[in-house]
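# Analysis of the macromolecular model
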Amino acid sequence: MSDPIPPTSRREALAVLALADAATLADLWSAYEPKPAHTVVRGPETGLVMVKGRMGGGGAPFNLGEATATRCVVTLADGEVGFGHVLGRDGERARLVALFDALGQSAAHAARVRDEVIAPLAAARAEANAAEAAETAATRVEFFTMARGDD
């Protein structure tokens, strides 16, 4: 097996894939030809994960609550293994994330997955984040304090 995607890039790619909606992933998969042979090794399985929080973003961790998550593991015919973890109960979405992760591990498919799948999803995510930030910034209120002459 080759390692065309460095671990930090793979982590970022998995984050982009996991945040993509099911319809977009399905469209990208239907446009991906030829489809490589693959086997579902595990799942899709739905379960619960513990969500942790921190007071003020930097305090001691505490258990915030549980969230439903679905995972899936696939392997390609040439041996690459892909993992998909998504919030919610969408098994097909977890399978597609795992497939694109496995393809990203393959030397034959890595560049294509990066250019045709990851880059457009990341760009769409960045655009959505920018639009949300602009909408939030429009409601920003500036507060200031004037010093009183009393000492």
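Each remark here, short or long, concerns the structure printed above.
Residues numbered from 1 in each chain as written. Predicted model: local features only at pLDDT ≥ 70, side-chain atom pairs only at ≥ 80, totals over all residues. Heavy atoms only, no water.

## Examining the overall build of the protein chain
Check the secondary structure of the protein chain and you find 4 helices and 3 strands. Listed by position from the N terminus, the elements making up the protein chain come as α-α-β-β-β-α-α. Relative to a compact globule of 151 residues, whose C-alpha radius of gyration would be 15 Å, the protein chain shows 21 Å and is clearly more extended. Its C-alpha atoms give the protein chain principal-axis dimensions of about 80 × 30 × 30 Å. Among the 151 residues that make up the protein chain, the fraction classed as buried is 30%. Within the protein chain, counting contacts between residues at least 6 apart in sequence, those at least 24 apart form 55% of the total. For the protein chain, the accessible area works out to roughly 9,700 Å², and carbon and sulfur atoms hold 57% of it. Treating the 15 positive side-chain charges of the protein chain as one cloud and the 20 negative ones as another, the clouds have centres 6 Å apart. (Helix = DSSP H or I, 4+ residues; strand = E, 2+ residues; numbered from the N terminus. Rg over C-alpha atoms; globule rule 2.2 N^0.38 Å. Buried < 20%, exposed > 50% of the residue type's maximum accessible area, 1.4 Å probe, protein only. Contact = heavy atoms within 4.5 Å. Areas by Shrake-Rupley, 256 points an atom, 1.4 Å probe, with all protein chains shown as cover. Lys, Arg positive; Asp, Glu negative; His and termini not counted. Charge placed at Lys NZ, Arg CZ, Asp CG, Glu CD.)

## Overview of the packing of aromatic side chains
Under the counting rule described, the total for this entry stands at 3 aromatic pairs. With centroids separated by 6.1 Å and ring planes inclined at 5°, the aromatic side chains of Trp29 and Tyr32 adopt a geometry described as stacked. No difference in accessibility class separates Trp29 from Tyr32, as the two residues are buried. Accessibility expressed as a relative area gives 10% for Trp29, which makes it buried. By the ring-pair criterion, three or more aromatic residues cluster together here, those being Trp29, Tyr32 and Phe100. Its guanidinium or amino end placed over the ring of Trp29, Lys35 lies 5.2 Å from that ring's centre, counting from NZ or CZ. Over the face of the ring belonging to Tyr32 we find Arg112, whose NZ or CZ atom lies 3.9 Å from the ring centre. (Phe/Tyr/Trp six-rings, centres within 6.5 Å; stacked < 30°, edge-to-face > 60°. Lys NZ or Arg CZ within 6 Å of the ring centre and 35° of its normal.)

## Observations concerning the nonpolar core
Note that soluble globular proteins tend to have their nonpolar side chains buried in a common cluster. Residues Leu17, Leu25, Trp29, Phe100, Leu103, Val117 and Leu121 are the most contacted members of the largest nonpolar core, which totals 24 residues. For this core, the secondary-structure elements that each account for two or more residues are α1 (7–19), α2 (22–31), β2 (61–76), α3 (91–105) and α4 (110–137). If you tally residues by element for this core, the top one is α3, at 8 residues. The contact partners of Val117, leaving out residues within four places of it in the chain, are Leu17, Leu28, Phe100 and Arg112. (Core = buried A, V, L, I, M, F, W, Y, C linked by side-chain atoms within 4.5 Å.)

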